[in-house]
Every structure is written in structure tokens, then in C-alpha cells.
Amino acid sequence: IYPLVILSITMMVTILLFTVFVPRFARIFVDMGRAMPPSMEFLLTVSAIASWAWWLVPLLLCGTWILLERNLGKEQLRRHVWAFVLKLPLAGKIVVDLEMCKYIRTLSILIGNHVEIIRTVKISGKIIGNPVIASAFTDIARKLKGGAKLSAALSDNAYVPSSMVPMLRVGEESGTVGEMLSRIASHLENDTRLKIKRLLSLFEPAVIVFLAMMVLIVVVSIFVAMMDLNAINQGGPKI
């Protein structure tokens, strides 16, 4: 909630800067009959976009989405979007971890309640919401029907945590698969919470830096405009 509050306040301050403060300052040049300095022309252009052309951004995004959906199809577009998300440096890893938390936790609950293993992996596979990740688990049931153990069926899966397979193999040998999966899920959930906390800790100063840059741009542009106005006044005819 706290990062969202910071982001909301930052966006409100930025919008107020370019829609209220900048136009009122620009009116000074209009009332004096002076030509707008380049710095004020830049701010007014940004202000105009923020004031009356803001609706073009969501309209363009919606139009692009509809066009891509018609050309690629709904499911294919969804796969492309999720594939792009998975390639993001920090967010992609967190998305994978969240999906694996759900998958492993579901496995541990069903196996712990003595649900048949084939049915267990089918139900757990449906829990995964990301279609790119879900497609990597579609053949787990087939491998199990072929006589493979669960640890062997998951060993070559790129999304499964590297520490899960050895621990699961130990659980299969000791007959404590459900308990071992529960431990793996708890460890992964704690690790994912830590990653999300670190990401949010980076997000907050990034938003503050963004707000500082917006204020700096406005202040420097207004300062340059005032210097130009002062130079014009000093260079004018003296009475």
C-alpha cells in the first residue's frame, strides 16, 4: 500500500505541475506581450499534452491491444504478454516464484491428503495462471504414467527451483513426499516474500527520484525563462 500511495502522490504532483503551475506562469509572458522562451515552449507543449491530450494514451493502448488481439488471437496475445513479463529482470523471477509457490503448495496439500498422484499433478497444473509456465507442466502426468517418479518428471523443468528435485527425491525415498513438498513450499514462499520486499524497497526511491526529476525540469525551465526575461528587460531602451 505504501508504494502505491507514494506513486499516486507523485503522479498527482506531476500532473498539477504541468496542468496548473506551468500555464499560470506562462501567462506572465502573454500579459507582457513577450515571446515565449524555448524552455517555456517545451513546458507548454508538455502541459498541453497533459491537459487535453492525455486521453490519447489509453486510447492508443486500447487500439493497439485490439489490433494485436485480432491479428494474433486472444490466447496467443496472452502468451506473448506473459512471455514478455517473464523476461523482465526482477518481476519475471517473482512471477515464476509466485506460480511455483501455488503449484508446490497444492501438490503438498493433495499428496498429504492421499489424492492419487496423476490427479494431483493435473489439478496442480490448472492452478498455474501463467500460460507460458503452465505449458511446461502439461506432460508431467504422461511421464508419471510411463513409470517415472515425481522428482524425475520435474527434474528437467526450467521453472522448478533447483533445490526442489533433490529434496523431493529424499522425500520419495523416505515416504514423506507431502511433508517434504510442504517444507519446499514454505521455504519458497518466504524467499518470494523477501524478493518482493526488496523490489518494493527499490521502487520507493525510484518514484521519489522520478518526482525530483520532474520538479527539477520545471524549476530549471522556469529559471531559464526568467533569465531570458531579465536579459530582455535590461537590454531594452532606457527612459
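Residues numbered from 1 in each chain as written. Predicted model: local features only at pLDDT ≥ 70, side-chain atom pairs only at ≥ 80, totals over all residues. Heavy atoms only, no water.

1. Some details on the nonpolar core
Ranked by internal contacts, the top residues of the largest apolar core, which has 33 residues, are M100, Y103, I104, F137, I140, L154 and L181. Elements represented by at least two residues in this core include exactly helix 4 (74–86), helix 5 (91–112), helix 6 (117–127), helix 7 (131–135), helix 8 (140–145), helix 9 (150–154), helix 10 (164–174) and helix 11 (177–235). Top element by residues in this core is helix 5. It accounts for 8 residues. Excluding residues that lie within four positions of it along the chain, F137 makes contacts with M100, Y103, I128, L154, N157, Y159 and V160. Of all hydrophobic cores here, the second largest spans 11 residues; its members include L17, F18, F25 and A26. (Core = buried A, V, L, I, M, F, W, Y, C linked by side-chain atoms within 4.5 Å. Buried < 20%, exposed > 50% of the residue type's maximum accessible area, 1.4 Å probe, protein only. Helix = DSSP H or I, 4+ residues; strand = E, 2+ residues; numbered from the N terminus. Contact = heavy atoms within 4.5 Å.)

2. Quick look at the packing of helix 4 against helix 5
Here helix 4 crosses helix 5 at 110 degrees, and the two axes come no closer than 7 Å. Between helix 4 and helix 5, the crossing angle belongs to the class labelled roughly perpendicular. On helix 5, the residues touching W82, V85 and L86 of helix 4 are A91, G92, V95 and V96. (Axes fitted to C-alpha atoms, helices over the stretch in contact; angles between N-to-C directions. Parallel < 35°, antiparallel > 145°, perpendicular 65-115°, else oblique.)

3. What about unusual backbone geometry?
Despite not being glycine, H114 has its phi angle at roughly 65 degrees, a positive value. Relative to the elements of secondary structure, H114 occurs in the loop between helix 5 and helix 6. When its relative accessible area of 74% is taken as the criterion, H114 is described as exposed.

4. What about the environment of N113?
By the element assignment, N113 lies in the loop between helix 5 and helix 6. Between the alpha carbons of N113 and G178 there is a distance of 8.4 Å; along the sequence they are 65 residues apart.

5. Some thoughts on the side chain of N157
Mapped onto the elements, N157 comes out in the loop between helix 9 and helix 10. On the accessibility criterion, N157 (10% relative accessible area) is buried. A distance of 2.9 Å separates a polar atom in the side chain of N157 from the backbone nitrogen of Y159. Excluding its chain neighbours within four sequence positions, the residues that come into contact with N157 are A136 and F137. (Polar contact = N/O pair within 3.5 Å; in protein donor to acceptor, adjacent residues only side chain to side chain.)

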